[in-house]
Amino acid sequence: MSRAHNFSAGPAAIPESVIQEIIAALPEFKGTGMGLMEISHRSKQFDETLVSAESRLRSVLGIPTDYKVVFLQGGASLQFYMTALNLLRPGEPADFVLTGVWSNKAIKEAKRVGDAQPAWDGKAEGYTRLPQDSELAIRKEAIYVHTTSNNTIYGTQWQRSPDLQGHHVVCDMSSDICSRPIDVSKYDLIYAGAQKNLGPSGITAVILSPWAMERCPGNTLPAMLDYRLQVEERSLYNTTNTFAIFALDRTLAWIESEGGLPGMKARNSRKAEVLYGELDRTEFWLPRAQKADRSWMNVTWRTHTEELDKAFVSESDKAGLKGLKGHRSAAGLRASLYNACSVEDVTQLVAFMQDFERRHG
Ligand SMILES: *Cc1c(COP(=O)(O)O)cnc(C)c1O
């Protein structure tokens, strides 16, 4: 097997040991005589996996015991609407910190339900930075404030906790969940698609505080969009993505074996240091995000010309370094350094970059 250095933004690299465990489970799962994708989501064997995935997520992230956890389909994109539908009554206010493409999609969906307004918008500056606390215009009456912990496309990440003025916080953590320790008790609702740091696409973790659960109106909502029902049914109201939940459980077990979130933090900060070190070494590269707000997960930059960016993408691809083209809304280049990406992958990327500069500089 020859595996490339994978810098894809999502779906993204999965640890090779996890891939091996998935392969082993496909033909025959836990002595059932049936494969992982062929057994009932209500079987005892799958139930053990579901219970294990939830309990690992709880212990890895340090989720308070009075919080609920559900695994849902529809991606983070469904959560943009579902959070507002459950937490807001028609016309009620909620404030959004607009730090990139995803938060703009989140506010758009929330406007279908309530009075969703921006507390700050980084658009004029090309989303190259995050706001200072003093720039946040949060309404006193806002039911919650919505933030995005890491901006996958523009390459910014909160490196400090913003002062959200005592409000309840809803956070899209799709692209940096489990990449370093966080204090879950500071949030009322966290959602994250699995395909960046937690495994394959097709499953989204949602973490709800007691306050968030109380806000849910319950059985007036469509069943699939009702957190209360999904919690009561333990994520098994309908046929769940059994494959993705197994992969999620195995990915969390891998995180545990690598030292949990302190281990991930050490690994991720080292990778970021190596790549940003290269970006700051020479004027040949133009890093995108402002230094204080640089993401450890998605590093964005460009060269001085679009032609050179293109050459970089095609030459790096040929050299076995995959997924380095920037997102279409930010252009340029992007390397996604999620948990499964190794320090060695980044060292190889930097060696390629230095060679590229010698040849084109
Ligand atoms: C990838 C991503 C999304 C979209 O996730 P889907 O699973 O495609 O809906 C939303 N928010 C952030 C921060 C992301 O990185």
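Residues numbered from 1 in each chain as written. Predicted model: local features only at pLDDT ≥ 70, side-chain atom pairs only at ≥ 80, totals over all residues. Heavy atoms only, no water.

*Asks:* Can you explain the sheet that holds strand S11 (residues 286-287)? Please cite residues and give values.
*Replies:* Taken together, three strands build an open sheet; the order of strands is S11-S12-S14 and the sheet is antiparallel. The open sheet has two free edges, formed respectively by S11 and strand S14 (333-336), since each of these has just one partner strand. By the bridge criterion, two bridges tie S11 to strand S12 (residues 298-302) in an arrangement that is antiparallel. Directly across from Pro-287, in S12, lies its bridge partner Trp-301. (Pairing = 2+ DSSP bridges. Helix = DSSP H or I, 4+ residues; strand = E, 2+ residues; numbered from the N terminus.)

*Asks:* Please set out the domain arrangement of the protein chain residue by residue, giving values where relevant.
*Replies:* The assigned domain composition of the protein chain is domain 1 (16-257) and domain 2 (260-360). Between domain 1 and domain 2, the C-alpha centre-to-centre distance is 27 Å. On the domain 2 side, the residues contacting the 29 residues of domain 1 number 26 residues. Between domain 1 and domain 2 the total buried area reaches about 2,200 Å² when both faces are included, carbon and sulfur atoms providing 55% of it. (Domains from an automatic or database assignment. Contact = heavy atoms within 4.5 Å. Buried area = accessible area lost by both parts, 1.4 Å probe.)

*Asks:* Can you tell me about the side chain of Thr-204, naming the residues and giving the values?
*Replies:* Its place among the elements puts Thr-204 in strand S10 (residues 204-208). According to the relative accessible area criterion, Thr-204 is buried, its value standing at 0%. Not counting residues within four places of it along the chain, the set of residues in contact with Thr-204 comprises Val-70, Phe-71, Leu-72, Gly-75, Ala-76, Gln-79, Ala-192 and Gly-193. (Buried < 20%, exposed > 50% of the residue type's maximum accessible area, 1.4 Å probe, protein only.)

*Asks:* Would you mind going over the site of the ligand in detail, with residue names and values included?
*Replies:* Around the ligand there are 13 residues in total, and Ser-77, Thr-152, Asp-172, Gln-195 and Lys-196 lie nearest to it. The separation between an oxygen atom of the ligand and a polar side-chain atom of Ser-77 is 2.6 Å. Separating a nitrogen atom of the ligand from a side-chain N or O atom of Asp-172 is a distance of 2.6 Å. For the ligand, whose accessible area on its own is 390 Å², the fraction buried by protein is 86%. (Near = heavy atom within 4 Å. Polar contact = N/O pair within 3.5 Å; in protein donor to acceptor, adjacent residues only side chain to side chain. Areas by Shrake-Rupley, 256 points an atom, 1.4 Å probe, with all protein chains shown as cover.)

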